[in-house]
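Per-entry structural report
Below are the chains, spelled out letter by letter.
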Amino acid sequence: IIQLAGYDVYYESSTYDTKKRFLDNLRKAAAMAEKTGVLLGFETMETEFMNTVEKAMKYVCLVDSPYLQIYPDIGNLTNAAVTYKQDIYDDMALGKGHLIAMHLKETVPGKFREIPFGEGYVDFEKAVRKVRTVFLTQRRELNVEIIIVGKFLRSNNITLGRWVKKNDPAFV
């Protein structure tokens with residue numbers, strides 16, 4: 001799995017042209033991934049461009065390749081859910097069948113980096129439990145990346161749902 005940062009640009013503002021270049025190059029990357037059997041996973045980021053699973057799914061659908069999936073960052077999703085006054089798990093449900101890995105990182109409102117584990121407000125236990133129960137339809141491993149600052153946490157692989165087929169009624 002290659003984790004892709006969900007940015008079209010970082011130090012400047014997104015425009016129609018930056019988004020178009022991002023999509024064009026993403027299609028090329030997915031074609032290369034297919035040739036080599038590598039999976040690509042978008043990490044949901046801290047910027048407006050791709051801070052929710054819903055926004056990542058837009059590009060997954062546009063590229064339409066089983067080699068491009070989503071790598072949600074639970075800390076970034078938690079901050080986005082607070083900002084938009086939405087439920088993080090409703091957002092994650094939009095990616096059902098396309099979540100390839102999970103980044104477990106601590107955050108606090110408005111801050112996305114270097115928060116010691118246990119000192120933020122991310123509910124890791126609930127996130128892992130939800131992924132196991134809500135998104136599990138057949139056995140498949142989900143890679144879990146855990147970023148720890150200051151404390152040790154053990155991580156295991158967990159199982160996750162199926163790939164969503166083209167024209168799946170859940171996305172029509």
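Structure shown above.
In this report, the structure presented in the accompanying data block is examined. Every residue gets a number counted from 1 within its own chain, in the order that chain's sequence is written. The predicted origin of the model limits local features to residues at a pLDDT of at least 70 and limits the giving and counting of side-chain atom pairs to 80 or more, whereas totals for whole chains, interfaces and linings rest on all residues. Hydrogen atoms and water are omitted, and side-chain values are computed over all heavy atoms in the structure.

Before going further, it helps to examine the overall build of the chain. A helix here means a DSSP run of H or I that spans at least four residues, while a strand means a run of E at least two residues long, and both kinds are numbered starting from the N terminus. Counting its regular elements, the chain contains 5 helices and 6 strands. Written out in order from the N terminus, the α and β elements of the chain read β-α-β-α-β-α-α-β-α-β-β. Three labels apply to residues, based on accessible area from a 1.4 Å probe with only protein chains included: buried if under 20% of the type maximum, exposed if over 50%, partly exposed otherwise in between. Scored against the burial criterion, the 172 residues of the chain give a buried share of 45%. Every residue pair with non-hydrogen atoms within 4.5 Å of one another is taken to be in contact. Across the chain, the fraction of contacts at a sequence separation of at least 24, relative to all contacts at a separation of at least 6, is 68%. Approximately 9700 Å² of the chain is accessible, and the part contributed by carbon and sulfur atoms is 52%. Note on areas: Shrake-Rupley, 1.4 Å probe, and residue coverage restricted to the protein chains presented here.

Turning next to the pattern of salt bridges. Between Lys or Arg on one side and Asp or Glu on the other, a salt bridge is scored when a side-chain nitrogen of the former is within 4 Å of a carboxyl oxygen of the latter. Considering all chains together, one arrives at 5 salt bridges under this definition. Its salt-bridge partner being Arg113, residue Glu46 comes within 3.4 Å of it at the nearest N-O pair. Taken as a pair, Glu46 in the loop between strand 2 (40-43) and helix 2 (53-63) and Arg113 in the loop between strand 4 (101-104) and helix 5 (124-134) lie far apart in primary sequence, 67 residues in all. With relative accessibility at 18%, the residue Glu46 sits in the buried group. The class of Arg113 is partly exposed, set by a relative accessible area of 42%. Between Asp73 and Lys105 there is a salt bridge whose closest N-O contact spans 3.2 Å. Placement of Asp73 in the loop between strand 3 (68-71) and helix 3 (74-84) and of Lys105 in the loop between strand 4 and helix 5 is noted, with a sequence separation of 32 residues between them. Given the relative accessible area of 12%, Lys105 is considered buried.

Our focus in this paragraph is helix 3. Along helix 3, 8 of the 11 residues are buried, which leaves the element largely enclosed by surrounding structure. Where helix 3 is concerned, the buried positions are Ile74, Gly75, Asn76, Leu77, Thr78, Asn79, Ala80 and Ala81. One side-chain oxygen at the N-terminal end of helix 3 lies 2.9 Å from the backbone nitrogen of Gly75; it belongs to Asp73. Just downstream of helix 3, Lys85 is the residue with a positive phi angle, here 55 degrees. Side-chain atoms alone can form a polar contact between residues adjacent in sequence; in general such a contact is a pair of N or O atoms within 3.5 Å, and within protein one must be able to donate a hydrogen while the other accepts it.

What makes two strands pair is DSSP finding at least two bridges between them. Taking strand neighbours across the sheet as the criterion, the 3 strands line up as 1-2-3 in an open arrangement whose pairing is parallel. Edge positions in the open sheet fall to strand 1 (2-5) and strand 3, since each of these has one partner strand only. Strand-to-strand twist across the sheet, computed as the mean angle between neighbouring axes with direction ignored, equals 35 degrees. In this sheet, strand 2 lies alongside strand 1 in parallel orientation, the contact comprising 4 bridges. Looking at strand 2, one finds that Ala5 is bridged to Glu43. Axes here refer to lines fitted to C-alpha atoms; in helices the fit is confined to the stretch in contact. Angles between the N-to-C directions go from 0 to 180 degrees.

For helix 2, every residue scored as buried is listed here: Val53, Ala56, Met57, Tyr59, Val60 and Val63. Buried residues in helix 2, looked at end-on, bunch into an arc of 165 degrees, giving them a common side. Remark: Asp64 follows helix 2 within two positions and exhibits a positive phi of approximately 55 degrees. What the arc covers is the set of directions going from the helix axis to the C-beta atoms.

Below, the discussion takes up unusual backbone geometry. In this model, Asp64 sits at a positive phi of 55 degrees, which is unusual for a non-glycine residue. Here Asp64 shows up in the loop between helix 2 and strand 3.

The next point concerns the packing of aromatic side chains. Two rings belonging to Phe, Tyr or Trp (six-membered ring only in the last case) form a pair when the distance between their centres is within 6.5 Å. Interplanar angles under 30 degrees mark stacking, angles over 60 mark edge-to-face geometry, and anything in between is tilted. The final tally for this structure, using the stated rule, is 7 aromatic pairs. Here Tyr10 and Tyr11 contribute two aromatic rings whose centre-to-centre distance is 4.8 Å and whose plane-to-plane angle is 85 degrees, an arrangement assigned as edge-to-face. By relative accessible area, Tyr10 is classed as partly exposed at 41%. Among the residues examined, Tyr11 registers a relative accessible area of 78% and is labelled exposed. Each member of the aromatic cluster is reached from another via a ring pair, and the members are Phe22, Phe42, Phe49 and Tyr59.

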